[in-house]
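Here's the letter readout for the chains.
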Amino acid sequence: MRVPTGGAQRALGRLLRSKVAGDDAPAKAKGIWEAEGPRWFTPDDPIWRVHQHAAMFPGGVAALLLQSLHPSAMAGVAGHSGFRGDPWGRLQRTSYYIAATTFGTIEHAEEVIAHVASIHERVRGRTDDGTPYAASDPDLLSWVHVAEIHSFLTAYQMYAGASERLSAQEADTYVSQARTASTLLGARDLPADVTELREQLHSYRAVLRSTPAAVDACHFLLREPPLPRAARPGYVLVARGGVAALPNWARRGLGQSGLDVARRADTVAGSLSVATITWAMSGLRDAEERAA
């Protein structure tokens, strides 16, 4: 049985969609989902299942926090992305990229990848210690990919229902499928399965550190969300769920507790956030289906 859709449920669904995908979300969705042409993936593929799940909300927070520990990646974000001045715009651009390269036609996905690659060519600078960086650097692109895929997969396996979780073989397939877009973007030697994903994540630890910029980004994401006060409690659940998806060493590096009791509390918060997001978005879909 379906729970009747109420105004509050629809309003929350519309708010979430506008923040993540923008006010023109319906038009963007139509361009991705209704376009005709061959696609890299199908609804039965693990990457489709993971990337359309509400666990992507805390997974996305985890990815941003984990990426911030790489000094060059964090310097690029702080210097060029406008994450403080326009955090929702950055989120919307990222979510559009993920949607287009996961659910869209191959032609559209390749166009989006080429556009992002052209932007990367202009993102250059130096870290606080003078080390030069470039967003188009294959190794830096690989770090961003590894941090994202590890975070997305971890969050999905934590917050999806028992019947939805990926088997070991499906998880390996997810990691392999996720290489498609990132390889075209310029990343190299990407992991092909979960074991390689964990090994590559570990291999970066020698260069990862908690810079002032990373601490500032963590504070912004966890304590200063650009939201009205009434909406902040719900965001806190999402954010703490993202912290739960981090490796313990990353939690400690960002000043977050590595104790098991803290991780369990954050996991409960993440579960509540995913359940609420799923409820809100299902109400929005039900209302739109009835109106069609």
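Residues numbered from 1 in each chain as written. Predicted model: local features only at pLDDT ≥ 70, side-chain atom pairs only at ≥ 80, totals over all residues. Heavy atoms only, no water.

## Examining the overall build of the protein
Note the following rule: In this description a helix means any DSSP run of H or I spanning at least four residues, a strand means any run of E spanning at least two, and both kinds are numbered starting from the N terminus. Using C-alpha atoms as the atom set, the radius of gyration is obtained and then compared with a globule rule of 2.2 Å times the number of residues to the power 0.38. The rule is simple: take the accessible area with a 1.4 Å probe, protein chains only, and divide by the maximum for that residue type; under 20% is buried, over 50% is exposed, in between is partly exposed. Per-residue and other accessible areas were derived by the Shrake-Rupley procedure at a 1.4 Å probe size, with only the shown protein chains allowed to occlude residues. Positive residues here are Lys and Arg, negative ones are Asp and Glu, while His and the chain termini are left out of the count. We put the charge of a Lys on NZ, of an Arg on CZ, of an Asp on CG and of a Glu on CD.
Each helix and strand in the protein was counted, giving 15 helices and two strands. Relative to a compact globule of 292 residues, whose C-alpha radius of gyration would be 19 Å, the protein shows 18 Å and is just as compact. Principal axes of the C-alpha set define a box for the protein whose edges measure 55 × 45 × 40 Å. Here the protein holds 292 residues, and the buried ones make up 48% of them. Entry remark: accessible area of the protein is about 14,500 Å², with carbon and sulfur atoms responsible for 56%. Each charge sign in the protein was given a centre, from 31 positive and 30 negative side chains, and these centres are 8 Å apart.

## Some points on the pattern of salt bridges
The cut-off we apply is this: Salt bridge, as used here, is a side-chain nitrogen of Lys or Arg placed within 4 Å of a carboxyl oxygen of Asp or Glu.
Applying the stated criterion to the full structure yields six salt bridges. For Arg-49, the salt bridge is made with Glu-170, and the minimal N-O distance between the two is 3.2 Å. Of this pair, Arg-49 sits in helix H3 (residues 46-51) while Glu-170 sits in helix H9 (residues 168-177), placing them 121 residues apart in sequence. For Glu-170, a relative accessible area of 26% puts it in the partly exposed group. Glu-121 is paired through a salt bridge with Arg-124; the nearest N and O atoms lie 3.7 Å apart.

## With respect to the nonpolar core
Our working rule: Working definition of a nonpolar core: buried Ala, Val, Leu, Ile, Met, Phe, Trp, Tyr and Cys residues. They are joined through side-chain atoms within 4.5 Å. Throughout, a residue-residue contact means that at least one pair of heavy atoms, one from each residue, lies within 4.5 Å.
Among the nonpolar cores identified, the biggest contains 69 residues, and Leu-65, Leu-66, Tyr-97, Trp-143, Phe-152, Leu-153 and Tyr-174 are the most heavily contacted of them. The dominant element in this core, judged by the number of residues it contributes, is helix H8 (residues 138-159), at eleven residues. Apart from the residues lying within four places of it in its own chain, the contact partners of Leu-66 are Trp-143, Ala-147, Ser-151, Leu-201, Leu-246, Pro-247, Trp-249 and Ala-250.

## Some points on the layout of surface pockets
Empty space among the atoms becomes visible once a probe the size of a water molecule is rolled across them. Our working definition: The method works on a 1 Å grid over the protein atoms by themselves. A cavity is a set of points holding a 1.4 Å probe that cannot get out, a pocket is an open set with protein on both sides within 12 Å along at least five of seven lines, and residues with an atom within 4 Å of a point line them. Grid points are joined across faces, edges and corners, and a volume is the space filled by probe spheres set on the points. By the convention adopted, Pro, Cys, Tyr, Trp, Phe, Met, Ile, Leu, Val and Ala count as nonpolar, Lys, Arg, Asp and Glu as charged, and the other residues, Gly among them, as polar.
The computed volume of the second largest pocket comes to approximately 200 Å³. The wall of the second largest pocket is formed by His-150, Leu-153, Thr-154, Gln-157, Ala-168, Ala-171, Asp-172, Val-194, Leu-197 and Arg-198. When contributions to the lining of the second largest pocket are tallied by element, the ones reaching two or more residues are H8, H9 and helix H11 (194-203). Per element, the largest residue contribution to the lining of the second largest pocket is four residues, and it comes from H8. Grouping the constituent residues of the lining of the second largest pocket by class yields five nonpolar, three polar and two charged.

## A closer look at the packing of aromatic side chains
So the rule is basically this: Stacked, tilted and edge-to-face are the three classes applied to pairs of Phe, Tyr and Trp rings, where Trp contributes its six-membered ring and a pair requires centres within 6.5 Å; stacked means planes under 30 degrees apart, edge-to-face means over 60, and tilted covers the rest.
Enumeration according to the criterion identifies five aromatic pairs in this entry. Between Trp-33 and Phe-103, the aromatic rings sit 4.7 Å apart at their centres with planes inclined by 20°, giving stacked as the arrangement. Residue Trp-33 is located in helix H2 (residues 25-33), and its partner Phe-103 is located in helix H6 (residues 87-103); the two are separated by 70 residues in the primary sequence. By relative accessible area, Trp-33 is classed as partly exposed at 42%. Under the relative-accessibility criterion, Phe-103 is labelled buried at 5%. For the pair Trp-48 and Phe-103, a centre-to-centre distance of 5.0 Å together with 70° between the ring planes defines the contact as edge-to-face. Linking Trp-48 in helix H3 with Phe-103 in helix H6, this pair joins segments that are 55 residues apart in sequence. Comparing Trp-48 with Phe-103 shows no difference in burial state: the two are buried. Three or more aromatic residues joined by ring pairs make a cluster, and in this case those are Trp-33, Trp-48 and Phe-103.

## Focus: the side chain of Thr-102
Counted only if it meets this: As used in this structure description, the phrase polar contact means that two N or O atoms lie within 3.5 Å; if the pair is within protein, one of them must be able to donate a hydrogen and the other to accept it, and residues adjacent in sequence are counted only when both atoms belong to side chains.
Structurally, Thr-102 can be placed in helix H6. Judged by relative accessible area, which is 2%, Thr-102 ranks as buried. A polar contact is formed between the side chain of Thr-102 and the backbone oxygen of Ile-98, at a distance of 2.7 Å. In this structure, Thr-102 is in contact with Phe-41, Ile-47, Trp-48 and His-51, ignoring residues within four places of it in sequence.

## Points about the packing of H6 against helix H7 (residues 106-120)
Formally: Structural elements are reduced to axes, namely lines fitted to C-alpha atoms, with helices fitted over the stretch in contact, and the angle between N-to-C directions of any two is expressed from 0 to 180 degrees. Should the near helix be turned anticlockwise from the far one by less than a right angle, the crossing is left-handed, and should it be turned clockwise, the crossing is right-handed.
Where H6 contacts H7, the two axes come as close as 8 Å, and the packing angle between them is 145°. For the pair H6 and H7, the sense of crossing is left-handed. Across the interface between the two elements, Tyr-96, Tyr-97, Ala-100 and Thr-101 of H6 pack against His-108, Ala-109, Val-112, Ile-113 and Val-116 of H7. Among the residues forming the contact of H6 with H7, the class breakdown is seven nonpolar, two polar and no charged.

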